[in-house]
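Breakdown of the fold
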Amino acid sequence: MTFYRALDLSLALLVVGIAAWTVLSRDLFGAVVGYVAYGLLLAIVWVRLLAPDVALTEAAIGGGATGVLIIAAGSRLRSMQTSEPGDTANGIQKALAAALSALVAIALAAVMLLLPEPAPTLAPQAAGGLEAAGLGNPVTATLMVYRGFDTMLEKAVLVLAVVGVWSIGPDRFWGGAPAPLGRTRPKRALVFLAQMIAPLGVLIGLHIFWVSADEPGGAFQGGAILAAMWIIVMIARLADPPRVGSRALRLALVSGPAVFVIVALLGPFLGGSFLSYPPGFVKPVILFVEAFMLLSIAAAIPLLIAGPPLRSPRP
Amino acid sequence: MTLALDIFSLLAIAAGAFFFLAGTVALLRFPDSLSRLHALTKADNLGLGLVVLGLLPRADGPLAAMKLVILWGLVQLSSGAVAQMIGAALRRREAAR
């Protein structure tokens, strides 16, 4: 037991240490590396808290996708650093922000430490209601049954983010493709890696989505892996970003939230209410909706990284 | 039989942990980037390989064991490719100097 105590304590100290290092780092690339390491350590923390689903999401999104997004944003910022930097916060503002952050942290810690023993929980009642869904993984069941509305809106937010990124491109390039991600002549090692890992990664992403009905995994985690495969293929210049005017691309992007809304609207006609699943078909319907969400996520994340259209729509 | 497997696991994982430790010490102590890269890839390759080897008898079934081996293969692939790319970037920087 003491071994696990020591492990947890050193993990916690390491996470706080890396967080501080990331915030205090003056160098952008160093800060991003710190942030990615922070995400991976946090994933281990979630494993220690027996939440493998959250750990997978944290590793894929917090560590991987966000890291790539910040690096891409950073290299874009560097190329337009001709203008004067804006006003930075002065000492008092920084002190106020730090005090506020510390206050929030202390309040959260106090709440955690002052919880009665045993902590109040609705978990048994919640788990009891999930049996009808027929899913072995309670996390997937909770996300799709109790929190279906949140899950649906989450995907809509992703699509809105892509629309936001596209809309900052110049008008004359509307409908065209974003700039290529990698350099013109990519390293052979990178091309080899992309060719080897992309088929395997697609398989692993689909597997993580498929097992999510009964084991840790999910559409978000699987979608993030599929997205990573598309990103590495684009960086290795095996395929350039698609035209944003492409109908197939747009359909893939909106398919997740759209199918979810259609299924939700069908609820009242099948004897239930908005967002209710037809009795007897709960699991197949949930898997059907999740398959389209997987597609949306796998399309949205690479498009966020590829950026706004910067090429003429007609070659 | 179980005792022999347990001892095998223990030895292999301990050896793997030793390679990770050695790799980390080398990463902190080696003077230049190329030798640090060399140390890092050894830790990835042998350290993880030995840990996976030690975990194989403890996996639930052949499918889980295969997943562990695939995991090692994936790390080999990516760490090898990344080491190549960092090495190339270092050489470019040397040439520019």
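Residues numbered from 1 in each chain as written. Chains lettered and ligands numbered in written order. Predicted model: local features only at pLDDT ≥ 70, side-chain atom pairs only at ≥ 80, totals over all residues.

Time to look at helix 9 (residues 219-235) of chain A. The first and last C-alpha atoms of helix 9 of chain A sit 24 Å apart over 17 residues, in line with the 24 Å expected at 1.5 Å per residue. Burial of helix 9 of chain A is extensive: 16 of the 17 residues sit out of reach of the surface. (Helix = DSSP H or I, 4+ residues; strand = E, 2+ residues; numbered from the N terminus. Expected span 1.5 Å × (residues − 1). Buried ≥ 20, exposed ≤ 12 C-beta atoms within 10 Å, placed from the backbone.)

As a rule of thumb, non-glycine residues mostly have phi less than zero, and peptide bonds are mostly trans rather than cis. All names here are of chain A. Glu117 connects to Pro118 through a cis peptide bond whose omega is 0°. With respect to the helices and strands, Pro118 occurs in the loop between helix 4 (91-113) and helix 5 (123-129). Phi is positive for Leu50, close to 60°, though the residue is something other than glycine. Looking at the element boundaries, Leu50 is found in the loop between helix 2 (28-48) and helix 3 (52-79). The phi torsion at Arg237 lies on the positive side, around 60°, for a residue other than glycine. Looking at the element boundaries, Arg237 is found in the loop between helix 9 and helix 10 (247-266).

Residue and element names in this part refer to chain A. Its location among the elements puts Leu130 in the loop between helix 5 and helix 6 (138-146). Overall, Leu130 belongs to the partly exposed group, with 18 C-beta atoms counted inside 10 Å. Separated by 113 residues in sequence, Leu130 and Arg243 place their C-alpha atoms 42 Å apart. If we ignore the near neighbours within four places in the chain, the residues touching Leu130 are Pro138, Ala141, Thr142 and Val145. (Contact = placed C-beta atoms within 7 Å.)

A few words on the domain arrangement of chain A. All names here are of chain A. Taken as a whole, chain A is organised into domain 1 (1-78) and domain 2 (134-315). Each of domain 1 and domain 2 was reduced to a C-alpha centroid, and the two centroids are 24 Å apart. Each partner contributes to the interface: domain 1 provides 11 residues, whereas domain 2 provides 14 residues. (Domains from an automatic or database assignment.)

Residues and elements named next belong to chain A. Contact geometry of helix 1 (residues 2-24) with helix 2 gives a least axis separation of 9 Å together with a crossing angle of 155°. Judged on the interaxial angle alone, helix 2 and helix 1 are roughly antiparallel. Here helix 1 runs over helix 2; the crossing is left-handed. Judged by residue contacts, Asp8, Leu11, Leu14, Val15, Ile18, Ala19, Trp21 and Thr22 of helix 1 engage Ala31, Gly34, Tyr35, Ala37, Tyr38, Leu41, Leu42, Ile44, Val45 and Arg48 from helix 2. For the contact of helix 1 with helix 2, the class distribution of residues is 14 nonpolar, 2 polar and 2 charged. (Axes fitted to C-alpha atoms, helices over the stretch in contact; angles between N-to-C directions. Parallel < 35°, antiparallel > 145°, perpendicular 65-115°, else oblique. Left-handed = near helix turned anticlockwise from the far one by under 90°. Nonpolar A, V, L, I, M, F, W, Y, C, P; charged D, E, K, R; others polar.)

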